[in-house]
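# Residue-level structure breakdown
The primary structure of each chain is shown beneath.
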Amino acid sequence: MNLSLYLLTVLIWGTTWIAIKLQMGEVAVAASIAYRFALASAVLFAMLWFSGRLQPLDRRGQGICLVQGLCLFCLNFLCFYTASQWIPSGLIAVIFSTATLWNAINARLFFKQRIAANVLLGGGLGLAGLGLLFWPELAGHEASRESLLGIGLALCGTLCFSAGNMLSSLQQKAGLKPLTTNAWGMLYGALMLVGICLVSGTPFAFEWNARYVGSLLYLAIPGSVIGFTAYLTLVGRMGPERAAYCTVLFPVVALNISVFAEGYQWTAPALLGLALVMAGNVLVFRKPRVLPVPAALAIPK
């Protein structure tokens, strides 16, 4: 089950960049994100209501969903979309991949979980691998005030993503399923985005064409309903630090698709980077070896 959820998350979120690219046009970014999560929330609520699986939430549960909606379904996306105006997508991918390390640190701070050495080493290898994969893009980018602002926003978005992971883990420890908490979190995130649009005077335009509607449906249902549910279920089953290694593999899937869609060509440094990413993946999911207890120290039964 863990492997199926992991592969599903990587494949879905590794392809959402195509739909996000198709979303760019007359509709403002904040409005598009609001449409995405409003639709995803409506689908989740309808599915849970008709199947009788909508769990009741007390005031504490609703409060956590509210903050999760702010972090995971609002600020996270606004930070990354805004950062993409000033820094290349490769740099954003590298910064986002640090989620594995941030999740490990946050799990230690908030849940007292031991930081496994293989997770830190695997995350570091994955980060180095992505650096090699996107090296031409990174090396050709000039530093500027806007670049620093973009890096700061990308890091802020990653921290918001990590905070959302911790909140989902907390909800699951209380017996709440990601389907229910995501439905509420996406609703709150969509409402906050609508509020931001109203305050900033952002118009609620909409493009009634196959390109925009099709990409919106893909982002809302596979990208949000299925993707976030699968990923946050992994957070509860495997721990946030291991689940977050998905963020390292998303760009790998995207680059492989780009080979056919945009003519991307693999180079020797990129292939080395791919090897490092795969090695990091093996390390992150390697189970720690349990050493046998010496006979002299064994407690007699």
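These figures come from a predicted structure and were not determined experimentally.

What counts, and at which threshold
Residues numbered from 1 in each chain as written. Predicted model: local features only at pLDDT ≥ 70, side-chain atom pairs only at ≥ 80, totals over all residues. Heavy atoms only, no water. Helix = DSSP H or I, 4+ residues; strand = E, 2+ residues; numbered from the N terminus. Rg over C-alpha atoms; globule rule 2.2 N^0.38 Å. Buried < 20%, exposed > 50% of the residue type's maximum accessible area, 1.4 Å probe, protein only. Areas by Shrake-Rupley, 256 points an atom, 1.4 Å probe, with all protein chains shown as cover. Lys, Arg positive; Asp, Glu negative; His and termini not counted. Charge placed at Lys NZ, Arg CZ, Asp CG, Glu CD. Axes fitted to C-alpha atoms, helices over the stretch in contact; angles between N-to-C directions. Parallel < 35°, antiparallel > 145°, perpendicular 65-115°, else oblique. Left-handed = near helix turned anticlockwise from the far one by under 90°. Contact = heavy atoms within 4.5 Å. Nonpolar A, V, L, I, M, F, W, Y, C, P; charged D, E, K, R; others polar. pLDDT = per-residue confidence, 0-100. Expected span 1.5 Å × (residues − 1). Phe/Tyr/Trp six-rings, centres within 6.5 Å; stacked < 30°, edge-to-face > 60°. Disulfide = S-S within 2.5 Å. Salt bridge = Lys/Arg side-chain N within 4 Å of Asp/Glu carboxyl O. Core = buried A, V, L, I, M, F, W, Y, C linked by side-chain atoms within 4.5 Å.

## Things to note about the overall build of the protein chain
Scanning the protein chain for helices and strands turns up 14 helices and zero strands. Secondary structure elements of the protein chain occur, N-terminal to C-terminal, as α-α-α-α-α-α-α-α-α-α-α-α-α-α. In terms of C-alpha radius of gyration, the protein chain reaches 20 Å, essentially the compact-globule figure of 19 Å for 301 residues. Taken along the three principal axes of its C-alpha coordinates, the protein chain extends 75 × 50 × 35 Å. Buried positions account for 48% of the 301 residues belonging to the protein chain. Total accessible area computed for the protein chain in this model is approximately 14,800 Å², and 71% of it derives from carbon and sulfur atoms. Put simply, the protein chain has 18 plus and 8 minus side-chain charges, and the middle of one group is 23 Å from the middle of the other.

## Topic: the packing of helix α10 (residues 178–200) against helix α11 (residues 210–238)
α11 packs onto α10 with a crossing angle of 125° between their chain directions and a minimal axis gap of 10 Å. In terms of orientation, α10 and α11 fall into the oblique class. Crossing of α10 over α11 shows right-handed handedness. Across the interface between the two elements, Pro178, Leu179, Asn182 and Met186 of α10 pack against Ser224, Val225, Phe228, Thr229, Leu232 and Thr233 of α11. Looking at side-chain class alone, the contact of α10 with α11 contains six nonpolar, four polar and no charged residues.

## A few points about the confidence of the model for the protein chain
Close reading of the predicted structure is inappropriate where its pLDDT is low. Overall, the predicted model of the protein chain reaches an average pLDDT of 88, with 94% of residues at or above 70. Here residues 293–301 is a poorly scored stretch, pLDDT under 50, and it has one contact once near neighbours within four places are set aside; other chains count.

## Remarks on α10
Taking 1.5 Å of rise per residue, the 23 residues of α10 would be expected to cover 33 Å, and the 31 Å separating its terminal C-alpha atoms lies within 8% of that figure. Trailing α10 by a residue or two, Gly201 shows a phi angle of about 75°, which is positive.

## With respect to the packing of aromatic side chains
On inspection of all chains with the given rule, the structure shows 17 aromatic pairs. Every member of this aromatic cluster is reached through a ring pair, and the members are Trp13, Phe37, Phe73, Phe77, Phe80, Tyr81, Phe96, Phe161, Phe228, Tyr231 and Phe250.

## Focus: the state of the cysteines
Throughout the structure, instances matching the rule amount to zero disulfides. Looking at Cys156, it has no disulfide partner, and the nearest cysteine sulfur is the one in Cys79, 3.8 Å off. The class for Cys156 is partly exposed, based on a relative accessible area of 33%. Left unpaired, Cys160 is separated from the closest cysteine sulfur, that of Cys156, by 4.3 Å.

## Notes on the pattern of salt bridges
In total, this model carries two salt bridges according to the counting rule given. Measuring nitrogen to oxygen at the nearest pair gives 2.3 Å for the salt bridge that ties Arg211 to Glu207. Overall, Glu207 belongs to the buried group, its relative accessible area being 8%. For the salt bridge of Arg242 with Glu241, the shortest nitrogen-to-oxygen distance reads 3.5 Å. Its relative accessible area of 17% is what places Arg242 among the buried residues.

## Topic: the packing of helix α5 (residues 89–96) against helix α9 (residues 145–173)
A packed helix pair is summarised by two numbers, namely the angle formed by the two axes and the spacing between the axes. Following both chains from N to C, one finds α5 and α9 inclined at 35°, their axes separated by 9 Å at the closest point. When the axes of α5 and α9 are compared, the crossing they make is right-handed. Contacts between α5 and α9 pair Leu91, Ile95 and Phe96 from the former with Ile151, Ala154, Leu155, Thr158 and Phe161 from the latter. The residue inventory of the contact of α5 with α9, partitioned by class, reads seven nonpolar, one polar and no charged.

## Description of the environment of Ile95
Take Ile95: it is sitting in helix α5. Through-space distance from the C-alpha of Ile95 to that of Leu155 is 6.3 Å; in sequence the pair is 60 residues apart. Setting aside residues no more than four positions away along its own chain, Ile95 makes contact with Ile87, Ile151, Ala154, Leu155 and Thr158.

## Description of α5
Here α5 lies mainly inside the structure; seven of its eight residues are buried. Considered for burial, the residues of α5 that qualify are Gly90, Leu91, Ile92, Ala93, Val94, Ile95 and Phe96.

## Focus on the nonpolar core
If you look at the biggest cluster of nonpolar residues, it comprises 67 residues, and the most contacted ones within it are Phe37, Leu133, Phe228, Tyr231 and Val277. If you tally residues by element for this core, the top one is α11, at 11 residues. The contact partners of Tyr231, leaving out residues within four places of it in the chain, are Thr9, Trp13, Asn103, Phe161, Asn165, Pro240, Ala243, Ala244 and Cys246.

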